[in-house]
Amino acid sequence: FVFRRVFGQHPDVLRALLNDFLGRTGARMIASIEYLPSDQVPEIPGVKLSIVDVKCREVGGATFVVEMQVLPITGFLNRVVFNACKAYVGTLQRGDTYDALTPVVAVTVCDFELWPDAERDAAGAVRVPLLSHWSLAEKSTGARGIDQIEYVFCELPKLRGRLPTTDVERWAALFLHAHDLKPADVANVPLTAAQREALELANEATFTEAELD
């Protein structure tokens, strides 16, 4: 509820999160967004409360599906891919040509590890960082040229209690600890204006009686 309240009602905060997660700077920064109906919550009993999503579109550009996943569920990655593909297809209206399709970026904040470091180490595989970006690449060379659908995952436990040193790590710390923090606790922490606003909005003191109910 807090995730949707903060990021689903305050576009400037959501835009700042997306810019930081996607590394959008300078001319590539997302300047403004418009919210779209969040109509992709799966119809699976007992699962709806574990998924909170916000859907928006960069004005004149990509669609973003941003969600908070608090519980690991069977087929989770399959569902992320399905929802991103559904959002991509949904940008084409009847009678439009295929060049009317616009890119989709699925951003998922996970309160669990998708690719645990211990498992990757045991398999001799490269570790997946706290914030990871995924898209199609040519298998033998790694060349990229199909970027219509992109996936971004933030695995919160990978912060592992260390002191955050980047804007992305500070977002992760806020997701993990906002319920324990007061503005005074982070007075000397170099948070961005959007991060401070998010922390304030997450404070129950700012909720209406209806929201608290």
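Notes on the structure in this doc start here.

Rules used in this analysis
Residues numbered from 1 in each chain as written. Predicted model: local features only at pLDDT ≥ 70, side-chain atom pairs only at ≥ 80, totals over all residues. Heavy atoms only, no water. Helix = DSSP H or I, 4+ residues; strand = E, 2+ residues; numbered from the N terminus. Rg over C-alpha atoms; globule rule 2.2 N^0.38 Å. Buried < 20%, exposed > 50% of the residue type's maximum accessible area, 1.4 Å probe, protein only. Contact = heavy atoms within 4.5 Å. Lys, Arg positive; Asp, Glu negative; His and termini not counted. Charge placed at Lys NZ, Arg CZ, Asp CG, Glu CD. 1 Å grid on protein atoms, 1.4 Å probe; cavity = no way out; pocket = protein on both sides within 12 Å on 5 of 7 lines; lining within 4 Å. Points joined across faces, edges and corners; volume = space filled by probe spheres on them. Nonpolar A, V, L, I, M, F, W, Y, C, P; charged D, E, K, R; others polar.

## A word on the overall build of the protein
Turning to step 1, where the next piece is worked out: In terms of helices and strands, the protein carries seven helices and six strands.
Turning to step 2, where the next piece is worked out: When the helices and strands of the protein are placed in sequence order, the string is α-α-β-β-β-α-β-α-β-β-α-α-α.
Turning to step 3, where the next piece is worked out: Compactness check: the protein gives a C-alpha radius of gyration of 18 Å against a globular reference of 17 Å for 213 residues, within 12% of the reference.
Turning to step 4, where the next piece is worked out: Projecting the C-alpha coordinates of the protein onto the three principal axes gives extents of approximately 50 × 45 × 45 Å.
Turning to step 5, where the next piece is worked out: The 213 residues of the protein split such that 40% are buried.
Turning to step 6, where the next piece is worked out: Partitioning the contacts of the protein with sequence separation of at least 6, the portion at a separation of at least 24 is 57%.
Turning to step 7, where the next piece is worked out: If you average the places of the 21 positive and of the 29 negative side-chain charges in the protein, the two averages end up 4 Å apart.

## Thoughts on unusual backbone geometry
With the exception of glycine, the majority of residues adopt a negative phi angle, and the majority of peptide bonds are in the trans configuration.
Turning to step 1, where the next piece is worked out: Although it is not a glycine, R160 adopts a positive phi angle of roughly 50°.
Turning to step 2, where the next piece is worked out: Structurally, the position occupied by R160 is in the loop between strand 6 (149-155) and helix 5 (167-177).

## Thoughts on empty space enclosed by the protein
Turning to step 1, where the next piece is worked out: Counted according to the given criterion, the structure contains one cavity of 30 Å³ or more.
Turning to step 2, where the next piece is worked out: Roughly 40 Å³ of internal volume is contained in the largest cavity.
Turning to step 3, where the next piece is worked out: Counting residues per element, the ones that place at least two in the lining of the largest cavity are strand 3 (63-69), helix 3 (76-89) and strand 4 (104-110).
Turning to step 4, where the next piece is worked out: Of all the elements, helix 3 adds the most residues to the lining of the largest cavity, at four residues.
Turning to step 5, where the next piece is worked out: A per-class count over the lining of the largest cavity returns five nonpolar, two polar and two charged.

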